[in-house]
Amino acid sequence: QVQVVESGGGLVQPGGSLRLSCVVSGSIFSFYNMGWYRQAPGTQRDMVAHITRSSSTNYTNSVKGRFTISRDNAKNMVYLQMNSLKPEDTAVYYCKARSAFGGVEYWGKGTLVTVSS
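This is a predicted model, so every value here is computed, not measured.

S.K.: What exactly am I supposed to notice about the overall build of the protein here?
M.R.: Along its length, the protein carries 0 helices and 11 strands. Starting at the N terminus, the α and β elements of the protein follow one another as β-β-β-β-β-β-β-β-β-β-β. Taking 2.2 N^0.38 as the reference for a compact globule, 117 residues should give roughly 13 Å; the C-alpha atoms of the protein span a radius of gyration of 14 Å, in line with that estimate. Dimensions of the protein, computed from the C-alpha atoms along their principal axes, are close to 40 × 25 × 25 Å.

The structure is reproduced here in structure tokens:
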């Protein structure tokens, strides 16, 4: 059974930094393309950053230059380094694993990031 678990959320002041982590268990991590998504209250869940099996990355425009996604296949981990945080970054952040073979998706339960003074 594949499990996806996020951690690292919390309260941070505007301009601060946080690093989110996501661990995948129960399968071969290197088979998965990974993504970070976020959902603020009353809004839809949107993609923030994505990293492929070969570590190609892409970002939504609003976080380019501030957020960095990375992965460590040896540790079954994907990270989201978030710098220069803004109040509008406040949301629940979710990690998604999508198999490159068949497209099955697995989601974590999310971690809350609050940017406020």
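S.K.: When you look at the state of the cysteines in this model, what are you seeing that I'm missing?
M.R.: Here, disulfide denotes a covalent bond that connects the sulfur atoms of two cysteines. Summed over the entire model, instances satisfying the criterion amount to 1 disulfide. Two residues share a disulfide in this structure: C22 and C95, whose sulfurs sit 2.1 Å from each other. Between C22 and C95, the S-S dihedral sits near -80°, and the bridge is therefore left-handed. Pair noted here: C22 is in strand 3 (residues 18–25) and C95 is in strand 9 (residues 91–99), with a separation of 73 residues, a long-range link.

S.K.: Hey, could you run me through the sheet that holds strand 7 (residues 67–72) in this one?
M.R.: If you walk across this open sheet you meet the 4 strands as 1-3-8-7, and the pairing is antiparallel. A strand with exactly one partner marks an edge of an open sheet, and here the two such strands are strand 1 (3–7) and strand 7. The mean angle between the axes of side-by-side strands here comes to 15°, regardless of whether they run parallel or antiparallel. Across 5 bridges, strand 1 lies against strand 3 in antiparallel orientation. What sits directly across from E6, in strand 3, is C22.

S.K.: How should the side chain of R66 be read in this particular structure?
M.R.: For R66, the position within the fold is in the loop between strand 6 (57–59) and strand 7. Of note is the side chain of R66, whose polar atom sits 2.9 Å from the backbone oxygen of S62. Discounting residues that sit within four places of it in the chain, R66 has contacts with Q81, M82, N83, S84, L85, K86 and D89.

Cut-offs used in this document
- Residues numbered from 1 in each chain as written.
- Predicted model: local features only at pLDDT ≥ 70, side-chain atom pairs only at ≥ 80, totals over all residues.
- Heavy atoms only, no water.
- Helix = DSSP H or I, 4+ residues; strand = E, 2+ residues; numbered from the N terminus.
- Rg over C-alpha atoms; globule rule 2.2 N^0.38 Å.
- Disulfide = S-S within 2.5 Å.
- Pairing = 2+ DSSP bridges.
- Axes fitted to C-alpha atoms, helices over the stretch in contact; angles between N-to-C directions.
- Polar contact = N/O pair within 3.5 Å; in protein donor to acceptor, adjacent residues only side chain to side chain.
- Contact = heavy atoms within 4.5 Å.

Keep in mind that these numbers describe shape and distance, not what the molecule does.
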